[in-house]
Amino acid sequence: DAGITQSPRHKVTETGTPVTLRCHQTENHRYMYWYRQDPGHGLRLIHYSYGVKDTDKGEVSDGYSVSRSKTEDFLLTLESATSSQTSVYFCAISDRATPGTSGRASQETQYFGPGTRLLVL
Amino acid sequence: DQQVKQNSPSLSVQEGRISILNCDYTNSMFDYFLWYKKYPAEGPTFLISISSIKDKNEDGRFTVFLNKSAKHLSLHIVPSQPGDSAVYFCAASQISQGAQKLVFGQGTRLTINP
């Protein structure tokens, strides 16, 4: 199993409060990702990081910010939590996916953490 | 618009028979496809993948087929076992700055009956 931990595993908070979720890896992988899982939607990418201090938005980034000050940690912050952000949040890691010869992609598998269940009341 | 769709929310199969899970996508820029398996209260675990330059990839009891012209992929599990009961997600990948941006389907809950 890839060394990925998420904290906290469960959290209940109130609307309008800030919340920070932490993802920690011991694999020294360059790429880290935050997803949320909701019924009927599968998993959706929130933000991802392609190196220390390098991050970019995913498909559902509104209301979320991220930070990565060192290789092993990727933080997801909800500045002011809303009920629509009630979800299960998964962190994932991967190594570099690069185009191989003749433009054919060589991709590394993405490994997921155990998830954080967040309830915003 | 959902770029990756799994149109069957659930599937029930008898133990020992073949399970076939289907997935459709709309974006022809996807170049890599993956299947993940998920148990309750756990993160998704990688199962099998296929590059867009191939039409089949096999790993033990699991085979993934890709039909690019139809923008369709399927996962075959044979023979199905009780431990295969889980939610299965297909995902499509685009590379951005070396990162693997995955777009997931909604998932199919597979139940294997003894």
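Model, not experiment: these values are computed from the prediction.

Rules behind the numbers
- Residues numbered from 1 in each chain as written.
- Chains lettered and ligands numbered in written order.
- Predicted model: local features only at pLDDT ≥ 70, side-chain atom pairs only at ≥ 80, totals over all residues.
- Heavy atoms only, no water.
- Helix = DSSP H or I, 4+ residues; strand = E, 2+ residues; numbered from the N terminus.
- Buried < 20%, exposed > 50% of the residue type's maximum accessible area, 1.4 Å probe, protein only.
- Contact = heavy atoms within 4.5 Å.
- Areas by Shrake-Rupley, 256 points an atom, 1.4 Å probe, with all protein chains shown as cover.
- Phe/Tyr/Trp six-rings, centres within 6.5 Å; stacked < 30°, edge-to-face > 60°.
- Pairing = 2+ DSSP bridges.
- Buried area = accessible area lost by both parts, 1.4 Å probe.
- Salt bridge = Lys/Arg side-chain N within 4 Å of Asp/Glu carboxyl O.
- Polar contact = N/O pair within 3.5 Å; in protein donor to acceptor, adjacent residues only side chain to side chain.
- Nonpolar A, V, L, I, M, F, W, Y, C, P; charged D, E, K, R; others polar.

Novice: Describe the overall build of chain A, naming the residues involved and giving the relevant values.
Specialist: Along its length, chain A carries zero helices and 13 strands. In sequence order, the secondary structure elements of chain A are arranged as β-β-β-β-β-β-β-β-β-β-β-β-β. Expressed as a percentage of its 121 residues, the buried residues of chain A come to 48%. Long-range pairs, those at least 24 residues apart, make up 57% of the contacts in chain A with a sequence separation of at least 6. Accessible area of chain A: about 5,800 Å², with a carbon and sulfur share of 46%.

Novice: Can you tell me about the packing of aromatic side chains, naming the residues and giving the values?
Specialist: Counted under the stated rule, the structure contains 14 aromatic pairs over all chains. Summarising the aromatic geometry, the rings of A:F112 and B:F104 are spaced 6.1 Å apart at their centres and angled 75° between planes, so their arrangement reads as edge-to-face. Note that A:F112 is positioned in strand β12 (residues 111-112) and B:F104 in strand β10 (residues 99-104), a pairing that runs across two chains. Ring centres of B:F89 and B:F104 lie 6.3 Å apart, and the angle between their planes is 85°; on these two criteria the pair is classed as edge-to-face. Placement of the pair is B:F89 in strand β9 (residues 86-96) and B:F104 in strand β10, with a sequence separation of 15 residues. Each member of the pair, B:F89 together with B:F104, is buried. Among the aromatic residues, those joined into a cluster by ring pairs are A:Y33, A:Y35, A:Y48, A:Y50, A:F112, B:Y36, B:F46, B:F89 and B:F104.

Novice: Describe in detail the pairing of strand β7 (residues 62-67) of chain B, supporting the description with residues and values.
Specialist: All names here are of chain B. Pairing of strand β6 (residues 56-59) with β7 involves four bridges; the strand directions are antiparallel. The residue of β7 that forms the bridge with K56 is F65. With antiparallel pairing between neighbouring strands as the criterion, β6 and β7 make up a hairpin whose turn holds two residues, including G60 at a positive phi of roughly 65°. As paired strands, β7 and strand β8 (residues 72-77) are joined by six bridges and run antiparallel to one another. Of the residues in β8, the one forming a bridge with N67 is H72. The loop that links β7 with its antiparallel partner β8 comprises four residues; one of these, K71, has a positive phi angle of about 55°.

Novice: Give a detailed account of unusual backbone geometry, specifying residues and quantitative values.
Specialist: The residue after A:S7, namely A:P8, is reached through a cis peptide bond having omega -10°. Here A:P8 shows up in the loop between β1 (4-7) and β2 (10-13). Here the residue pair B:V78 and B:P79 is connected by a cis peptide bond, since its omega of -10° sits within 30 degrees of zero. Tracing the sequence through the fold places B:P79 in the loop between β8 and β9. A positive phi is found at A:N28, a non-glycine position, where the angle reads about 60°.

Novice: Account for the interface of chain A and chain B, naming residues and giving values.
Specialist: Taken residue by residue, the interface counts 28 residues in chain A and 24 residues in chain B. Carbon and sulfur atoms supply 55% of the area buried between chain A and chain B, which totals about 2,200 Å² over both sides. If you look at where chain A meets chain B, you find zero salt bridges. The interface formed by chain A and chain B contains seven residue pairs in polar contact (both at pLDDT 80 or more). For the side of chain A that touches chain B, the elements supplying multiple residues, two or more each, are β4 (31-38), β5 (42-51) and β6 (54-57) of chain A. Here the element with the most residues in the side of chain A that touches chain B is β5(A); it accounts for five residues. Per-class residue counts for the side of chain A that touches chain B are 12 nonpolar, nine polar and seven charged.

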